[in-house]
Each structure stands twice: as structure tokens, then as C-alpha cells.
Amino acid sequence: MNRFEQALNWQDLTPTLCIDKLPHDNVTFFDLQPRVSSALSQFLQNSDRTLLVLKADDQAKYMPLLERFIGAHSFSDDDEKIHGVNYVIEQADSFSFACVHAEPAQSTQDNFAAKKSVGSALYFDQNRLLGSIRVHPMSKDIQLNAGLVHELNGGVLILNLAALLDKFELWQRLKQILQTQMFDWYSVHPFKPLPCEIPSYPLSLKVILLGQREDLAVFSELEPDLFRFADYAEIESYFAMEDETAYCQWAKYVRDFAVSQHLPVPDMAGLIKLYQLLVRESEDRQLINISPTMLKNWLTKAGLSHKNTGDKGISAGDFERVFQQTQYQQGFLREQAYADILHEQVYIPTEGEEVGQVNGLSVVDYAGAPLSFGEPSRISCLVKFGDGEIIDVERKSELAGNLHGKGMLIAESCLAGILQLPSQLPFSASLVFEQSYGEINGDSASLAAFCVLTSALSDVAIPQSIAITGTIDQFGLVHAVGGVNDKIEGFFTICERRGLTGKQGVIIPAATINQLSLSESVQSAVKNQQFFIWAVEDVHQTGKILFARDLVEEPDKIYTEDNQPLARLIHQRIELHADSPRFSLWRALLGKK
């Protein structure tokens, strides 16, 4: 079987939806959030728990959703009860001091009666959260102003954790209220007393804190006992698409969301295209972003494109136009990088064969730019007479991170183990990412490093029309990497603009097939056998595709001069150089035995 017969079919390059019938019931965001829905239900019904911490990536969008969800579910038996007090203030005069006393609130119109059962605040200060005491500068009249905690007495207050961290001194007061279920008045100024004694009163409150994971980590450090008295759950931005029921739920959610936002509703082809585009973002066919912000952005832009077509629903073409327009708008840096390659300012060959040279694949992103893109990198290996040292030039010149260094060391160890190389090689080798001037990190080039080392040691050429990405372990298994769609499309773009030859392609880990959601141009080229994608599980499969040879000798297989395994070729070169007088002299000078 030749290498082209081992390539993936074009149908494998993009996911599709299997939807039989959409559910009749309306599907909301929290219908796709069973964990957090369960946590909310238990928290609201449990009178002993007053604090719930929710991990959430987009507080501004999730707050109103939480308010609607909590407001639609009555979990309390005394929802109709009036909570709070009415403060009656007897102002001071020439003969007496001011006096304040409290009486139970009779209606929501009373000054410190609860106004609603659920509310939220993205930003707040002490006065907005805990209320304030104002004293007239001339008459000395006292005015008490209610805060959020008073307005939501008996209800649920949703707060942005980031804002609370900015004013962390408020946390101790809020914590006291939650633990004692009482509100006590304190002076804002430590050296200035209250204008008069103000009675405390019972304040029953539940608080939900929304925060990103980084904020939660800081908060838990500042409050070590946090999860002793607080419940925890996560609002998940991604939905698991594990079966046909989940597919149908997601599709109905998208359509219902479009209706609720007064946007055109996607048709079935449009839903499938949207799903494929979201897989590109998540890099997982079973995990789809359901963030309301993201979804509204897609539907709004597709709706603008849809207006010009006159169709009944948002189509696949509408979503594709949005995707292409976004790529065009954000693609300046990418086009400059590709232009450098096409004008040979950066040398990336895509035809012919070379010993000790391979095209690796990387993802490039620039600070301040939203679009990341794939770009090929030429990795070279030069083997020369020496004492067995393999030099990673990127690490030596401090242009590579620790993960890159780890990947290179694993590639060397894997090569030595699989090919049963002696501990002392008569060769030295240098590995270089050619024309790379910035820092490199990540271990996704370890498979490419293994292949280029094998090529240089065996003196067998590598087709420059094939690019490689993948990380390996010491046993030669190939593992998943990120950004596989961008990497494939980056190399494909260079090949396409130079002219597809029908021999070009990319080797990727088999574990990344679940990430694939490639552009229509790549699918078309693969379908027409102008471009190929190979998925490999180990270095042995990689060797057969790249070198058209076995990596090591297989039992009961007859080899000729033209198809000798790479391990045999490397051992022959080792024996040839190990027995040479020059190497014997070199070993003697270095004291090697």
C-alpha cells in the first residue's frame, strides 16, 4: 500500500450533525447546564447555606440569565412575606438628640423593606451594597439610604467577584451578614461615631458570587475557609455533544435563542455549518461553545448577511460568508507571513526531497491580534563526525521554552530506544528551527524532530511536500496536539498558492481526528486527491508514510537494497564510522574506551 492510499477520506475532515427531530419544548441556556441547575436548586432550597460561588467566564451575560432562572423558580415558602423594617427617625432639635427606632415593614413602600426577590450588581461600592447614613451639614438631619442587601432581604443577590476583590474590605461585612443573618450599622470612618444609635434588624440573604477561575483562586487564598461555608458549581461555556439527544437539544437552543433575540432563525444546513465553525474554536467535536455572547455574535453577523439573500432562514452560506469576512478582516499578519514564504524571504520547500530537513507545523499568534494561524517551519538536522552529542540549537541560544526542550529530549530518547542505538554514537547532531527568530515553546514538534534525526542518521531523504505535527512519548506513540486545523490550513495555503501537485499533504496524530473541521477548500482538494492528510498512531506508521520504509526490521519480511529498514541503515553507518581510523584516533584523544 502506497502512502496516498493510507490518507484520510475527505468525509473525515469535517463533522456533521445527526438530527432526527427537534424537541417541542423551549430549550434555554440552563437546560444545557444540568450541574449548575442542580446546584442552584439545592442552594435556594437549603436554608442553612447562604453563599454560592459560581465559576463563570462572562458575568455580564450570565447575571441576567441567572436572575431570570431564579425568578422563574419559586423555592421559598414565604415569597409573599414582607421582609425588612421601617426606620422611623425623630430628628434632633435644640432640646434633644436624634432618635431612630425600627418597626416591622408593612409594605414594600417602607424605607427598608425588600423591593424584589432577586437582583444583581456588576459593579458596586460600599454605599450601593450596604446602604449609607447621610447627615445634613446645616440642620444635622439624618437620612438612611437602603443598599442592595436591604432591597433583597429574603431574596438572592448576585455579585461580580472581581468587583468584590477590588473592594475586599466589603467582604468581611457581607460575610458577617450571611453568617449572623442580621444587619448592624457601622460608621464608615473608624474615628467618627454614628450620629446616633441605629437599631439592627434581621436580614435574611443569599448571595451568589460570579467569577472567573483566576479570581476564584485569589479569593480562596484570601478567604481560606471559603468552601467550608460556601457551595460551588460552574457555569459551563461548553456543552457536551455526546449523542443525538444532545445534538437536538443544542439545535433547539440555538433556534430558541435566535427567536428570543429577534434574529433570523438558522435552517438545518445553517445549524450544521454553525456547528462545524464552533468545532474549530473548541477543537473538539463533542464540546461546543454555548456562550450567549458568542452565539449572539454569530447570529447577528449571519443575520446581516442573510438580509441580502431573501431566504427564509440563516443558511450555511450566510455563516460561511461571516467566517470568510472575519478571516479577511483579521488576516493581515497572516498574509504577511505567507507572503514572506511565497517570496522566499523565509525558505519553506514544498517539492523535492532532502536529507535531514522536514517541514514542521506551528501555530502563530501575536499579542493584541485575535487571529492565530498555522505556519510551516523548516526543521533541519546536520550529522557530523563527533562524540554522540545531540544539540538543540534553540535551547542553546535560549530561544525555546521548557516544553520545547522536553519534546526534543523525548524525541532523542525515543529514537535511541526504538532503534537500539549504542549509548556512544560516532556522530554529533544539531537540530535547528531555521529562520526562527522568536521564542519557541510546546512539544508538538517532537515527532518532526524524531523524523529529521532519523533521516540525518540513516541518510534517507524526506519528501518536502509533506509537513508533520505531533508529540511523541518515549515508546514512540504519537499523541494529540492543539491547533491542528490552523496547522493543516497554513501548509495547504502555501502549497495551493504555489500550485497543488497531488503529492503534498500533512501528517497529524490520529488522536486529533476528533478536532478536524477544515475549510471547504481543503476538503475539495482532498476529495480531488490534490492534497492528502495522514493520521498516525506511532512513529512506525509515520516512517512508512514519510520514508516508504519500515522503521525497524519486521520478522518474516524479506528486504532488498531498496527497502531496507531505517534502523539497519543507521547501524550500518555507525559500524562504518566506528571502525574508521579517524574515529579511533578521536576516541583515543578524548580518552574514550
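Everything numeric here is computed off the predicted structure, so don't read it as measured data.

J.: A description of the state of the cysteines should follow, citing residues and the corresponding values.
T.: Applying the stated criterion across every chain yields a total of zero disulfides. Cysteine C99 shares no disulfide, and the gap to the nearest cysteine sulfur, in C196, comes to 7.0 Å. Not engaged in a disulfide, the cysteine C381 finds its nearest cysteine sulfur in C451; these two sulfurs lie 12 Å apart.

J.: With reference to specific residues and values, describe empty space enclosed by the protein.
T.: Under the definition given, this model contains three cavities of 30 Å³ or more. Space inside the largest cavity adds up to approximately 80 Å³. Along the walls of the largest cavity sit T14, K273, Q276, L277, R280, E320, F323, S517, L518, S519, E520 and Q523, which together make up its complete lining. Those elements that provide at least two residues to the lining of the largest cavity are α10 (268-282), α12 (316-330) and α18 (520-527). Here the lining of the largest cavity gets four residues from one element, more than from any other, and that element is α10.

J.: So what about the environment of K175? Which residues, and what values?
T.: Assignment of secondary structure puts K175 in helix α6 (residues 169-180). Residue classification places K175 among the buried residues on the basis of a relative accessible area of 16%. Linking K175 and D556, residues 381 residues apart in sequence, is a C-alpha distance of 75 Å. K175 has contacts with E223 and F229, leaving out every residue within four places of it along the chain.

J.: Would you mind going over the nonpolar core in detail, with residue names and values included?
T.: I208, L210 and W250 are the most contacted members of the largest nonpolar core, which totals 57 residues. In terms of residue count, helix α9 (residues 244-260) provides more of this core than any other element does, nine residues in total. Beyond its immediate sequence surroundings of up to four residues, W250 is in contact with L17, F239, M241, L271, L274, Y275, L278, I288 and I290.

J.: Pulling in residues and values, what's your account of the packing of helix α13 (residues 332-342) against helix α17 (residues 484-498)?
T.: Direction vectors running N to C along α13 and α17 enclose 50 degrees, while the axes themselves pass 11 Å from each other. Classified by the interaxial angle, the pair formed by α13 and α17 is oblique. With respect to the hand of their crossing, α13 and α17 are arranged in right-handed fashion. Where α13 abuts α17, its residues E335, Y338, I341 and L342 lie against G490, T493, I494, R497 and R498. Across the contact of α13 with α17, the residue classes break down as four nonpolar, two polar and three charged.

Reading the values: rules and limits
- Residues numbered from 1 in each chain as written.
- Predicted model: local features only at pLDDT ≥ 70, side-chain atom pairs only at ≥ 80, totals over all residues.
- Heavy atoms only, no water.
- Disulfide = S-S within 2.5 Å.
- 1 Å grid on protein atoms, 1.4 Å probe; cavity = no way out; pocket = protein on both sides within 12 Å on 5 of 7 lines; lining within 4 Å.
- Points joined across faces, edges and corners; volume = space filled by probe spheres on them.
- Helix = DSSP H or I, 4+ residues; strand = E, 2+ residues; numbered from the N terminus.
- Buried < 20%, exposed > 50% of the residue type's maximum accessible area, 1.4 Å probe, protein only.
- Contact = heavy atoms within 4.5 Å.
- Core = buried A, V, L, I, M, F, W, Y, C linked by side-chain atoms within 4.5 Å.
- Axes fitted to C-alpha atoms, helices over the stretch in contact; angles between N-to-C directions.
- Parallel < 35°, antiparallel > 145°, perpendicular 65-115°, else oblique.
- Left-handed = near helix turned anticlockwise from the far one by under 90°.
- Nonpolar A, V, L, I, M, F, W, Y, C, P; charged D, E, K, R; others polar.

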